[in-house]
Amino acid sequence: MNDSVAVIDIGSNSIKALVAEKGDGPHSIQPLMEKSLEVRISAGIGQRDPILTDAGIHRGAQAVAELAQACQIFNVDTIRVVATSAVRSARNGNDFCHAVQSVSQLEVDVLSGHQEAESIADGILSDPELSKLTDFTAFDLGGGSLELMEFQNRSLTAYHSFELGSVRLMEMFLQHPKNAISQQEQLNCMQHIEDTLRAGPVPFKAPLVGCGGGLTVATRICQTNPGLLPPKANLKKSNFFPKAWFDTIRPLVVDASHGERMRINGIPESRADIFPVAILTCDVLMELCNCSGIYHTTHNLRYGIARQALYPA
């Protein structure tokens, strides 16, 4: 049984590392290090025949090697490298895995959609800030896919992986991502999201828990723009975004050009083109779940993989 573990999560927009050990509580984990590199490997996954570019493969393999080196100073027992939608759906996903192994001597485990959802669920349940939630809906929005999950009595009861990642949707629906998004493009994108989710097997109910880079950007915006909202819409909890926040930020982001978005503190240039799509996706999910906002957690896939390694069944 491992006492410590490192997880490198190869996502569509960023590649993240977590070093963790067992926590004090039952099946709890204690993070020792977290590091993230913005390396979008997913350009092109919105095409009919998704393929990773040579540049994306090179950037991604180098990022994994850099993160692995950072993890090794903790003398971890295990380094687990996992990849999700961008590699899973790409025609040349195996080329990416070979490139990582060549550079870092680490094998990449390409997770299925179900494996990804189950691991995200384990991560969400490890967040002490969500310990009082019992029955809820949760999602993880990445660049390539959206994982949707139903929890009853803190057990995962339904889940599905949808090809509704922000990079994928941007490439499918936005003709000029650096421009303000037209009303028609917004409607087309949101209708596609709603139709796809309604056709899936996961029921919708409040409360709603979310994770992914879009909500991480939202957190940064709130931290750096405390006066953005009127007092009645201020965040009551550090991990809860009321619908009023999305109503306020949407016109500032979705109806704005790339340059105008970049003037909002907290939006990194690497996310300015896809953040509007993340906002639209959150709007659809809140409408479907008939909820008043979204609880945000950073305990997603990498936390779930770490928990599984530290506490094997």
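First, a word on what this report is: a plain description of the structure on this page. (Residues numbered from 1 in each chain as written. Predicted model: local features only at pLDDT ≥ 70, side-chain atom pairs only at ≥ 80, totals over all residues. Heavy atoms only, no water.)

Secondary structure assignment for the chain yields 11 helices and 11 strands. Expected size for 313 residues packed as a compact globule is a radius of gyration near 20 Å; at 19 Å, the chain falls within 12% of this value. Expressed as lengths along the three principal axes of its C-alpha atoms, the size of the chain is roughly 50 × 45 × 40 Å. Of the contacts formed within the chain by residues at least 6 apart in sequence, a portion of 71% connects residues at least 24 apart. (Helix = DSSP H or I, 4+ residues; strand = E, 2+ residues; numbered from the N terminus. Rg over C-alpha atoms; globule rule 2.2 N^0.38 Å. Contact = heavy atoms within 4.5 Å.)

We now examine unusual backbone geometry. With an omega of 0°, the peptide bond running from Ala206 to Pro207 counts as cis. You can see Pro207 is positioned in the loop between α6 (183-198) and β9 (208-212). Positive phi is not limited to glycine here, since Gln105 has a value of about 60°. Examined against the element boundaries, Gln105 turns out to sit in the loop between α3 (93-104) and β5 (108-110).

Before going further, it helps to examine the packing of helix α5 (residues 166-173) against helix α10 (residues 275-289). With their axes 9 Å apart at the nearest point, α5 and α10 run at an angle of 105° to one another. Here α5 is positioned roughly perpendicular relative to α10, judged by the angle of their axes. Listed contacts from α10 to Ser166, Leu169 and Met170 of α5 are Val277, Ala278 and Thr281. Class assignment for the residues of the contact of α5 with α10 results in 4 nonpolar, 2 polar and no charged. (Axes fitted to C-alpha atoms, helices over the stretch in contact; angles between N-to-C directions. Parallel < 35°, antiparallel > 145°, perpendicular 65-115°, else oblique. Nonpolar A, V, L, I, M, F, W, Y, C, P; charged D, E, K, R; others polar.)

A word on the sheet that holds strand β11 (residues 293-296). Whenever strands of a sheet pair, they do so through backbone hydrogen bonds, lying parallel or antiparallel. With mixed pairing, the 6 strands of this open sheet are ordered in space as β8-β7-β6-β9-β11-β10. The sheet is open, and its two borders are formed by β8 (155-162) and β10 (240-242), each paired with just one other strand. Across the sheet, the axes of successive neighbouring strands diverge by a mean angle of 25°, strand direction being ignored. The pairing of strand β6 (residues 136-141) with β9 spans 5 bridges and is classified as parallel. From the neighbouring strand, Phe139 faces β9, where its bridge partner is Gly210. Against the sheet, helix α7 (residues 213-224) makes contact with β6, β9, β10 and β11, and its axis sits at roughly 95° relative to β9, the strand it touches most. (Pairing = 2+ DSSP bridges.)

For strand β1 (residues 4-10), a buried count of 7 out of 7 residues is recorded, marking the element as mostly surrounded by other parts of the structure. Along β1, one buried face is formed by Ser4, Ala6, Ile8 and Ile10 and the opposite face, lined by Val5, Val7 and Asp9, is buried too. The pairing of β1 with strand β2 (residues 14-22) spans 7 bridges and is antiparallel. Bridge assignment links Val5 to a residue of β2, and that residue is Ala20. A loop of 3 residues connects β1 with β2, the two strands running antiparallel in sequence. Strand direction decides the pairing type here: β1 and strand β4 (residues 79-83), joined by 5 bridges, are parallel. Bridge assignment links Ile10 to a residue of β4, and that residue is Ala83. (Buried < 20%, exposed > 50% of the residue type's maximum accessible area, 1.4 Å probe, protein only.)

The next thing to look at is the layout of surface pockets. The gaps left among the atoms become clear once a water-sized probe is rolled over them. Of the voids in this model, the largest pocket is the one considered here, and its volume is about 600 Å³. Surrounding the largest pocket, 39 residues form its lining, Ser14, Lys16, Gly212, Gly213 and Arg271 being those nearest its centre. Elements represented by at least two residues in the lining of the largest pocket include exactly β2, β3 (29-38), β6, β9, α7, α10 and α11 (301-310). Of the residues in the lining of the largest pocket, the class split is 8 nonpolar, 20 polar and 11 charged. (1 Å grid on protein atoms, 1.4 Å probe; cavity = no way out; pocket = protein on both sides within 12 Å on 5 of 7 lines; lining within 4 Å. Points joined across faces, edges and corners; volume = space filled by probe spheres on them.)

Before going further, it helps to spend a moment on the sheet that holds β1. Spatial strand order, β3-β2-β1-β4-β5: 5 strands in an open sheet with mixed pairing. At either end of the open sheet lies a strand with only one pairing partner, and these are β3 and β5. Strand-to-strand twist in this sheet, taken as the mean axis angle between neighbours without regard to direction, amounts to 20°.

The next subject is the packing of aromatic side chains. Tallied over the entire structure, the rule returns 5 aromatic pairs. Judged by centre distance (4.5 Å) and plane angle (15°), the rings of Phe136 and Phe151 are stacked. Here Phe151 lies in strand β7 (residues 146-152) and Phe136 lies in strand β6, a separation of 15 residues in the sequence. A single burial state applies to Phe136 and to Phe151, both of which are buried. Grouped by ring-pair contacts, the aromatic residues Phe241, Trp245 and Phe246 constitute a single cluster. (Phe/Tyr/Trp six-rings, centres within 6.5 Å; stacked < 30°, edge-to-face > 60°.)

So, on to the pattern of salt bridges. Under the definition given, this model contains 11 salt bridges. Note that Glu34 and Arg302 form a salt bridge whose closest N and O atoms lie 3.5 Å from each other. Taken together, the positions of Glu34 in strand β3 and Arg302 in helix α11 put the pair 268 residues apart, joining distant regions of the chain. The exposure class of Glu34 is partly exposed, given its relative accessible area of 43%. (Salt bridge = Lys/Arg side-chain N within 4 Å of Asp/Glu carboxyl O.)

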